[in-house]
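Reading the structure
The residues making up each chain are set out below.
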Amino acid sequence: MRYVVTGAAGFIGSHLAEALGAAGHEVVGIDCFTDYYDPALKQQNARGLDVRRLDLSEDELDFTRFDGVFHLAAQPGVRSFGDVFPLYVRHNVLAAQRVFEAAAAAGTRVVFASSSSVYGEAERYPTPEDTPPRPLSPYGITKLTGEHLAGAYARGFGLDAVVLRYFNAYGPRQRPDMAFPRVIAALASGGAFTLFGDGEQSRSFTYVLDVVEASIRAMEDAPSGAVLNVGGGEEATMNETISLLERISGRSLDVRREPAVAGDQRRTKADTGRIRAQLGWEPRTSLEAGLRAQWEWAATVESRA
Ligand SMILES: NC(=O)c1ccc[n+]([C@@H]2O[C@H](COP(=O)([O-])OP(=O)(O)OC[C@H]3O[C@@H](n4cnc5c(N)ncnc54)[C@H](O)[C@@H]3O)[C@@H](O)[C@H]2O)c1
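Fair warning: this is a prediction, and the values are worked out from it, not measured in the lab. (Residues numbered from 1 in each chain as written. Predicted model: local features only at pLDDT ≥ 70, side-chain atom pairs only at ≥ 80, totals over all residues. Heavy atoms only, no water.)

**Structural notes on the sheet that holds strand β1 (residues 2-6)**
Strand order in this open sheet of seven strands is β3-β2-β1-β4-β5-β6-β11, and the pairing throughout is parallel. Bordering the open sheet on either side are β3 (51-53) and β11 (227-230), each of which pairs with just one other strand. The sheet shows a mean angle of 20° between the axes of neighbouring strands, direction not considered. Pairing analysis gives six bridges linking strand β5 (residues 109-115) to strand β6 (residues 161-166), with the strands arranged parallel. Looking at the pairing, Val 111 lines up with Val 162 of β6. Sheet strands in contact with helix α3 (residues 85-106) are β4 (68-71) and β5, and its direction is about 175° off that of β4. On top of the sheet, helix α6 (residues 208-221) reaches β1, β4, β5, β6 and β11; it is set at about 165° to β6, its chief contact. (Pairing = 2+ DSSP bridges. Helix = DSSP H or I, 4+ residues; strand = E, 2+ residues; numbered from the N terminus. Axes fitted to C-alpha atoms, helices over the stretch in contact; angles between N-to-C directions. Contact = heavy atoms within 4.5 Å.)

**Notes on the packing of helix α1 (residues 11-22) against α6**
Close contact between α1 and α6 brings their axes to 9 Å; oriented N to C, the two are set at 60°. The orientation of α1 with respect to α6, classified from their angle, is oblique. The two elements α1 and α6 cross, and the hand of that crossing is right-handed. Along the contact surface, α1 presents Phe 11, Ile 12, His 15, Leu 16, Ala 19 and Leu 20, while α6 presents Val 208, Leu 209, Val 211, Val 212, Ser 215 and Ile 216. Each residue belonging to the contact of α1 with α6 can be placed in one class, and the counts come to 10 nonpolar, two polar and no charged. (Parallel < 35°, antiparallel > 145°, perpendicular 65-115°, else oblique. Left-handed = near helix turned anticlockwise from the far one by under 90°. Nonpolar A, V, L, I, M, F, W, Y, C, P; charged D, E, K, R; others polar.)

**A short note on the environment of Asp 35**
Here Asp 35 shows up in the loop between β2 (26-31) and α2 (39-45). Counting along the chain gives 40 residues from Asp 35 to Gln 75, while the straight-line C-alpha distance between them is 9.8 Å.

**Brief notes about the packing of aromatic side chains**
Under the criterion given, the structure shown has 11 aromatic pairs. Ring geometry for Tyr 3 against Phe 70: centres 5.4 Å apart, planes inclined by 75°, an arrangement best described as edge-to-face. In this pair, Tyr 3 sits in strand β1 while Phe 70 sits in strand β4, placing the two residues 67 residues apart along the sequence. You can call Tyr 3 buried: its relative accessible area is 4%. Exposure remark for Phe 70: the relative accessible area of 0% places this residue in the buried category. Aromatic pair Phe 100 and Tyr 153: ring centres 6.5 Å apart, planes at 50°, arrangement tilted. With Phe 100 in helix α3 and Tyr 153 in helix α4 (residues 138-157), this pair connects stretches of sequence that are 53 residues apart. For Phe 100, a relative accessible area of 0% corresponds to the buried category. Look at Tyr 153 and you get buried, because its relative accessible area is 10%. (Phe/Tyr/Trp six-rings, centres within 6.5 Å; stacked < 30°, edge-to-face > 60°. Buried < 20%, exposed > 50% of the residue type's maximum accessible area, 1.4 Å probe, protein only.)

**A closer look at the environment of Gly 191**
Examined against the element boundaries, Gly 191 turns out to sit in the loop between α5 (179-189) and β8 (192-196). Look at Gly 191 and you get partly exposed, because its relative accessible area is 25%. Separated by 63 residues in sequence, Gly 191 and Asp 254 have C-alpha atoms that sit 6.9 Å apart. In this view, Gly 191 contacts Ala 186 and Asp 254; residues no more than four positions away in its chain are not counted.

**Topic: the site of the ligand**
Near the ligand there are 30 residues, and of these Asp 31, Tyr 37, Leu 72, Tyr 139 and Ala 169 occur at the shortest range. Between Asp 31 and the ligand, the recorded distance is 2.6 Å, taken from a side-chain N or O atom to an oxygen atom. Between the ligand and Cys 32 there is a distance of 3.1 Å, counted from a nitrogen atom to a backbone nitrogen or oxygen. Notes on the ligand: free accessible area 820 Å², of which the protein chains cover 98%. Put simply, the parts of the chain that give the shell around the ligand at least two residues each are α1, β5 and α4. (Near = heavy atom within 4 Å. Polar contact = N/O pair within 3.5 Å; in protein donor to acceptor, adjacent residues only side chain to side chain. Areas by Shrake-Rupley, 256 points an atom, 1.4 Å probe, with all protein chains shown as cover.)

The structure is reproduced here in structure tokens:
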């Protein structure tokens, strides 16, 4: 098959593009290498991949030659209040609208990477997909807008779209703004780690290759219009993951505490019953195995630097 992966120089997109290539598919990546984090890291992620430098929010898009588009490009991160808001609108709303427009015109299926951030403080844990979304951050709001746009293009123009709500992906190449790379860097260097909140906030952490597998299965088998949670099996607090990383590294972390940040959820816990029933997908990587892989990957990168 011939697939497009948007955001292919990013954390999850680069793993997805690699996995599709390894499975024998033809893959064209699209990325505009935003400076949300160091674009040099994105250049490294994209090594060995065919990634075209296009900005989805303004460049011409033509998906007619392709069997599917994985739309992962976005401005990530829940710290999205204030001056940065226009970037979220551009990269998450305008870009998604243009991708859906081009995919509908080409008759090409889209798998859209949405987020557990759409739930905000959910009514229920574990959280099933029909829980009313109440995002806490502008980021979550733009992701939910993307979901609604996909639905509107489906109803108005027959777009074949599947929405995946990823829950906290982690693993090698994880975005440097996220907690684990900062914990790992502090453990490796002996520096301090700034923890926002009391550390009792918890997440359904999901190993990146499990996210990749769910995304490919969704492209191949999900019913059109499906909305599916993609969440790891284990819920863990930040304090628990810090202890786990201390044990894996054999070092202790110097933790500096700061107040919680607006937009951060207290808890995420995925109900994965629907994706298990529809696609037979289950997270396979334990948090310990995934964090060990990430720690070892970070050590390799460090030794090459
Ligand atoms: N990482 C997570 O835990 C997580 C959780 C939930 C949802 N998601 C979603 O998964 C997707 C991938 O996340 P990630 O963590 O790999 O982020 P990332 O920042 O590493 O990757 C996103 C990529 O998209 C590119 N991009 C942004 N705007 C673009 C545009 N207008 N045109 C072309 N390229 C553009 C960026 O340069 C970047 O390389 C995003 O849609 C994100 O919202 C991620």
